[in-house]
Each structure stands twice: as structure tokens, then as C-alpha cells.
Amino acid sequence: SNNNVFSFGFISPTQQYHLQHATSVCMDATYKITSRVNDIMYTIVTKDQHTGTGYPIAYMFTNNHSSPPIQQWLLFLR
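The name that an unreviewed UniProt entry assigns to the protein is MULE transposase domain-containing protein, with the source organism given as Phascolomyces articulosus.

This is the structure we're talking about:
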């Protein structure tokens with residue numbers, strides 16, 4: 001009902017491949033990513049099998065601090 005609330009996520013085909021073959025993932029939230037105080041970027045990261053470092057596999061941006069956008073995003077990725 002509030003037109004100022006948004007959520008959108010994205011994943012590339014390469015990231016989707018890594019997600020499908022990941023044995024574990026972590027989710028991180030980064031605040032203050034824009035000049036608008038409520039914006040949040042969520043990132044799902046897994047371990048890259050070749051380098052041993054973190055590999056980002058999906059992103060979601062939102063200004064909604066409740067759980068439904070996260071739930072919808074995770075269901076979409078599943």
C-alpha cells in the first residue's frame with residue numbers, strides 16, 4: 001500500500017551455478033548504502049572452491065526492514 005517501499009533482487013547465471021553447487025552459504029546485510037537512510041543491501045556469499053575466498057552469489061536491495069522481503073527472496077532463490 002506504500003509506494004515508497006521497494007525490494008528487488010538479482011542473480012547472474014554464473015552466480016546461480018555457484019548457488020546450485022554450494023554446500024553452505026552466509027547472508028550479510030549492509031546498511032547506509034545510499035543517501036536514503038533506510039536502504040539495505042543483502043548479499044548471499046559462499047566459499048569459492050578455487051580461491052577459498054568468499055564469492056557473492058545473490059543480492060537484494062530493499063528499504064523494508066521487515067522479514068517478508070527476505071522470505072520471498074530466499075524462496076525465489078530456492
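**A look at the packing of aromatic side chains**
Throughout the structure, instances matching the rule amount to 4 aromatic pairs. Each residue in the set Phe-6, Phe-8, Phe-10, Tyr-59 and Phe-61 is aromatic and connected to the rest through ring pairs, giving one cluster.

**Regarding the environment of Thr-30**
Here Thr-30 shows up in strand β2 (residues 26-31). In this structure Thr-30 comes out as partly exposed when scored by relative accessible area, which is 28%. Along the sequence, Thr-30 and Thr-43 sit 13 residues apart, while their C-alpha atoms lie 8.1 Å from each other. Setting aside residues up to four positions removed in sequence, Thr-30 forms contacts with Asp-39, Ile-40 and Met-41.

Parameters and conventions
Think of each chain on its own: its residues are numbered from 1, step by step along the sequence as written. Local features in this predicted model are restricted to residues whose pLDDT is 70 or higher, and side-chain atom pairs enter the listing and the counts only when it is 80 or higher, whereas totals over whole chains, interfaces and linings include all residues. To obtain the side-chain values, all non-hydrogen atoms of the structure were included, while hydrogens and water were left out. Each aromatic pair joins two rings of Phe, Tyr and Trp (for Trp, the six-membered one) with centres within 6.5 Å, and gets the label stacked for planes under 30 degrees apart, edge-to-face for over 60, and tilted for any other angle. Secondary structure elements follow DSSP: runs of H or I no shorter than four residues count as helices, runs of E no shorter than two count as strands, and numbering proceeds from the N terminus. Note on classification: 1.4 Å probe, protein chains only; a residue is buried when its accessible area is under 20% of the maximum for its type, exposed when over 50%, partly exposed between these limits. Here, two residues are considered to be in contact whenever any of their heavy atoms come within 4.5 Å of each other.

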